[in-house]
Amino acid sequence: MASKSEDLLWKLAESDEVQIETRHDAKSPLHRTTVWVVPTEYGVYVRSYKGRKGRWYQEALANPLVTIRVGRRKVSARVEPEHNPLVIRAANSAYRKKYGERWPDETQDMLKRAILPTTLRLTAV
């Protein structure tokens, strides 16, 4: 049975955009940015539009405890880099399905080979 936090994460993943809050370490200032989020059969995923150079992405790798927020609803989560090609393809499909019609150019950017390694799985904590 899923926890309330896990249920909320999946609910927030239905939103078009979420805010991800990151910090380099416990003493660093909080950084918040808007990202696209996709639910898949394997879990909930985010990617860095700016690739490996994205600030939030670098902070999330350094300190994998993040907060996902939509309005006043928020959930603490842990990020984990995804390396399984099957799962990354499922995330690609989810990005196409969720965003492709409304934002075709931006969606294509999210599917570029250089962006795929930034796929991170979110797990509620």
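This one's a predicted model, so the numbers in the text were calculated from it and none came from an experiment.

A. Inspection of the overall build of the protein chain at higher detail. The secondary structure content of the protein chain amounts to 4 helices and 6 strands. What you see in the protein chain, going N to C, is helices and strands ordered as α-β-β-β-α-β-β-α-α-β. The C-alpha radius of gyration computed for the protein chain amounts to 13 Å, which stays within 12% of the reference 14 Å derived for 125 residues, consistent with globular compactness. Judged by the C-alpha coordinates and their principal axes, the protein chain covers about 35 × 35 × 25 Å. For the protein chain, with 125 residues in total, the buried portion stands at 46%. Residue pairs at least 24 apart in sequence account for 69% of intrachain contacts in the protein chain once pairs closer than 6 positions are excluded.

So, how was this worked out
- Residues numbered from 1 in each chain as written.
- Predicted model: local features only at pLDDT ≥ 70, side-chain atom pairs only at ≥ 80, totals over all residues.
- Heavy atoms only, no water.
- Helix = DSSP H or I, 4+ residues; strand = E, 2+ residues; numbered from the N terminus.
- Rg over C-alpha atoms; globule rule 2.2 N^0.38 Å.
- Buried < 20%, exposed > 50% of the residue type's maximum accessible area, 1.4 Å probe, protein only.
- Contact = heavy atoms within 4.5 Å.

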